[in-house]
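So the chains spell out like this:
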Amino acid sequence: MWLIMNPGLLTESVLPLPEGPTTIGRTEENSLCVLHASLSRRHARVERQGEQVVLFDLNSKNGTFLGDTRVEQRELRAGETFRCGEVSFKLVAALGEVKPTHVQPLRTRFSPASMEELLSQQTLAGSSILKVRQTAGGDSRIADKLQVLLKVSHLLSELGPIDEMLERIIQLVFQILEVDRAAIFLVDTASGTLRPRVARLASGQAPSQSFYSQQIVDYVRSRSVAALFADALQDSRLDGASSVMLQSIHGSMCVPLKARDEVLGVLYVDNLTQANRFTEEDLEFLTAFGNQAAIALEISLLSQRLAEEAALRNSYLRFFPPSVIKKIQGARGAPLDIVETEVTVLFSDITGFTSLSSTLHPRQVVDLLNEYFPVMADIVFRHEGTLEKYIGDALMAVWGAPFPQPDDADRALRASVEMQRALVGLNARWRAQGKPELQIHVGLNTGRVAAGNIGSEHYLQYATIGDATNVASRICSAAEAGEICIAETTLQRCAERPWPLAKLAPVHVKGKTEPLTLYRVDWRDAPST
């Protein structure tokens, strides 16, 4: 089965619909990422089981529609069209049902022909290695070569993963030039060294071992010039290059992949059977080809980097306020390495949430949390805290990581009071709407933790690990509904104590042999000046 996105429009595209769930939204986490402002981050889900297809709305802001009817769940039939926000999709059972929107080709004398039309099957003996069609007259041949380069530019204009782009370039090398071997090297941004990324024989197979001359590659990279070694075995520039002799390299050309002033890598080709087979004309063409390839690579690398940064920023937005994100991006992620540091941990939990959930429909519970959590998260970010995680109905935030500030404990205390006061406002609104009200209890603790990115290569989460976080959770559990309790360590770090504090009787908590000294914050009283 297939989905046609934007059927009938210039932006129409056909997408396969695999078995299982396919999510639609405007973030990279979705199976189908559509960068349109009318879509929510996670907008809808299409579940396919054989011929059965069911559409689900994921509580999107602008809705999912079948016709003019907004739907939450609906079985789809082949041929039906649904809409997510302003983006339309049509379900089709087979590709035969897909009708192209535009069927009239636009061809002018400036339109590039196919590569097969521009090239001959072989080169002529004693001529250039270019497989450009042989026409009479120098001007015609120049025009033919320009047509080939124009077609190369067109074929390399499609964005995609960098490895796919490299494969496309190497295939074009063999399609256009009569060479025995070719390789592309890219500069490693971390080490600054050249690394081979793709190498092929004329048969299309990957070589069993490295074959290129390192001396030729280094010569071109260091000087940033295109180089022709027509008779490599006799070329004085390659004296001492053992690989030339061992690999029986009779001729070689190597050009820099240079976008503007930066050398991204080099393109290397060679000949194993005949010296002086490569000519100055061939080097001139390969240089122009290399320039086209470099532009395509630079765009592909930039696109990849922007996608990675966007995904990373989306990930950062889950944990950090904008001011912290700027610092992290300026330091290129180094602050997220594992470090030991002192933090103030805030745990907030909804009182009696389990019993409340048993009286509500699951969707009502989700709607309630979706109103509650954003308000609490905004408070954490406003006080420049790190929102570490949601644990069911609980929220955990820390101050002091990844960037410590001298008033971290004060910020955490002010945030906890603002949370309680914000909930008073939420409850007033819910009461007017006939919805259930909530109460929360909050615990604060200060201590040393290990903080940084923790997890696997494919799933990293910023987290703090240590006894201080466990104790904060226990303090939260010890607090009553509507209370804020803080540890003595947090109280000692607070430079400001604007709200009255009440010292509690020693509290025994799980995992601690000695009782904790806690203080209740009377946040309902007006703060002192």
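Parameters and conventions
- Residues numbered from 1 in each chain as written.
- Predicted model: local features only at pLDDT ≥ 70, side-chain atom pairs only at ≥ 80, totals over all residues.
- Heavy atoms only, no water.
- Helix = DSSP H or I, 4+ residues; strand = E, 2+ residues; numbered from the N terminus.
- Buried < 20%, exposed > 50% of the residue type's maximum accessible area, 1.4 Å probe, protein only.
- Contact = heavy atoms within 4.5 Å.
- Areas by Shrake-Rupley, 256 points an atom, 1.4 Å probe, with all protein chains shown as cover.
- Pairing = 2+ DSSP bridges.
- Axes fitted to C-alpha atoms, helices over the stretch in contact; angles between N-to-C directions.
- Phe/Tyr/Trp six-rings, centres within 6.5 Å; stacked < 30°, edge-to-face > 60°.
- Parallel < 35°, antiparallel > 145°, perpendicular 65-115°, else oblique.
- Left-handed = near helix turned anticlockwise from the far one by under 90°.
- Nonpolar A, V, L, I, M, F, W, Y, C, P; charged D, E, K, R; others polar.
- Patch = residues over 30% accessible without salt bridge, like charges linked within 9 Å, V, L, I, M, F, W, Y side chains within 5 Å.
- Salt bridge = Lys/Arg side-chain N within 4 Å of Asp/Glu carboxyl O.
- Core = buried A, V, L, I, M, F, W, Y, C linked by side-chain atoms within 4.5 Å.
- Expected span 1.5 Å × (residues − 1).
- Polar contact = N/O pair within 3.5 Å; in protein donor to acceptor, adjacent residues only side chain to side chain.

Visitor: Can you explain the overall build of the protein chain? Please cite residues and give values.
Guide: When its secondary structure is counted, the protein chain shows 12 helices and 24 strands. Looking at the protein chain as a whole, 44% of its 529 residues qualify as buried. Looking at the protein chain alone, contacts between residues at least 24 apart form 58% of all its contacts between residues at least 6 apart. Total accessible area on the protein chain stands at roughly 27300 Å², and carbon and sulfur atoms take up 51% of it.

Visitor: Can you explain the sheet that holds strand β14 (residues 227-229)? Please cite residues and give values.
Guide: Strand order in the open sheet formed by five strands is β13-β12-β16-β15-β14, with antiparallel pairing between adjacent strands. Each edge of the sheet is formed by a strand with only one pairing partner; in this case those strands are β13 (194-201) and β14. Pairwise comparison of adjacent strand axes, ignoring direction, gives a mean angle of 15 degrees for this sheet. In this fold helix α4 (residues 214-223) packs onto β12 (181-187), β13, β14, β15 (251-259) and β16 (262-271), with an angle of close to 35 degrees to the strand it touches most, β15.

Visitor: Give me the packing of aromatic side chains: which residues, what numbers.
Guide: Going through the model one piece at a time under the given rule, you end up with seven aromatic pairs. Relative to F229, the ring of Y219 has its centre 5.9 Å away and its plane inclined at 75 degrees; by these criteria the two rings are edge-to-face. Of this pair, Y219 sits in helix α4 while F229 sits in strand β14, placing them 10 residues apart in sequence. For the pair Y219 and F229, a shared accessibility class is recorded, and that class is buried. Seen from their ring centres, Y372 and F373 are 5.2 Å apart, and the 55 degrees between their planes marks the pair as tilted. On the basis of relative accessible area, F373 is assigned to the buried category, the value being 8%.

Visitor: Residue-level account of the packing of helix α9 (residues 362-382) against helix α10 (residues 408-433), with values.
Guide: For the pair α9 and α10, the least separation of the axes is 10 Å and the interaxial angle reads 150 degrees. Considering their axes alone, α9 and α10 lie roughly antiparallel with respect to each other. Where α9 crosses over α10, the two elements pack in a sense that is right-handed. Contacts between α9 and α10 pair L368, E371, Y372, V375, M376, I379, V380 and R382 from the former with A415, E418, M419, A422, L423, L426, R429 and W430 from the latter. Looking at the contact of α9 with α10 residue by residue, the classes come out as 12 nonpolar, no polar and four charged.

Visitor: Help me get a handle on a nonpolar patch on the surface, residues and values and all.
Guide: Among the surface-exposed residues, L159, I295 and I299 lie close enough to one another that they form a single nonpolar patch of about 270 Å² accessible area. Its place among the elements puts I295 in helix α6 (residues 280-319).

Visitor: Help me get a handle on the sheet that holds strand β11 (residues 87-92), residues and values and all.
Guide: Strand order across the open sheet formed by six strands is β2-β1-β11-β10-β7-β8, with antiparallel pairing between neighbours. With partners counted over all chains shown, the strands left at the sheet margins are β2 (13-16) and β8 (69-70), one partner each. Bridge count for strand β10 (residues 81-84) against β11 is four bridges, and the pairing is antiparallel. Residue pairing in the sheet places F82 in a bridge with F89 of β11.

Visitor: Any chance you could break down the pairing of β15 for me, citing the residues and the numbers?
Guide: β15 sits mainly inside the fold: eight of its nine residues count as buried. Pairing of β14 with β15 involves three bridges; the strand directions are antiparallel. What sits directly across from F229, in β15, is S252. Here β15 hands over to β16 after two residues, with R260 in that stretch at a positive phi of 55 degrees.

Visitor: Any chance you could break down the pattern of salt bridges for me, citing the residues and the numbers?
Guide: Scanning the model with the defined rule gives 23 salt bridges in all. Residue E418 pairs with R382 through a salt bridge whose shortest N-O separation is 2.3 Å. Here the residue E418 occupies a position in helix α10, and R382 occupies one in helix α9, the gap between them amounting to 36 residues. For E418, a relative accessible area of 25% corresponds to the partly exposed category.

Visitor: Mind laying out the nonpolar core, listing which residues take part and the relevant values?
Guide: Of all hydrophobic cores here, the largest spans 41 residues; its most connected members are I176, L177, I184, F289 and L297. Listing elements by their share of this core, those giving two or more residues are α2 (138-155), α3 (162-176), β12, β15, β16 and α6. In terms of residue count, α3 provides more of this core than any other element does, nine residues in total. Once you skip the residues sitting within four places of it in the chain, I184 turns out to touch L166, I169, I170, R195, P196, R197, V198, L257, V266 and L267.

Visitor: For α9, give the residues involved together with the corresponding values.
Guide: For α9, spanning 21 residues, the distance from its first C-alpha to its last is 30 Å, which sits close to the expected 30 Å at 1.5 Å a residue. Every buried residue of α9 is listed here: V365, L368, L369, Y372, F373, M376, A377, I379, V380 and F381. E384 sits one or two positions beyond α9 and adopts a positive phi of about 60 degrees.

Visitor: So what about the side chain of R48? Which residues, and what values?
Guide: Position of R48 among the secondary structure elements: in strand β5 (residues 44-49). Residue R48 is classed as buried on the basis of its relative accessible area of 14%. Within polar-contact distance, the side chain of R48 engages the backbone oxygen of L17 at 2.7 Å.

Visitor: I'd love a proper account of the side chain of T490, names of residues and values included.
Guide: The residue T490 is located in helix α12 (residues 488-493) in this model. Residue classification places T490 among the buried positions, given a relative accessible area of 0%. With residues near it in sequence (within four places) discarded, T490 still touches T344, A409, L444, N445 and T446.

Visitor: Mind laying out unusual backbone geometry, listing which residues take part and the relevant values?
Guide: The omega angle of the peptide bond from A401 to P402 is 5 degrees, so this bond is cis rather than trans. Structurally, P402 can be placed in the loop between β19 (394-399) and α10. In this structure, N59 is a non-glycine residue whose phi angle is positive, near 55 degrees. Mapped onto the secondary structure, N59 falls in the loop between β6 (52-57) and β7 (64-66). The backbone of N276 shows a phi angle near 60 degrees, a positive value even though the residue is not glycine. When you line up the elements, N276 lands in the loop between β16 and α6.

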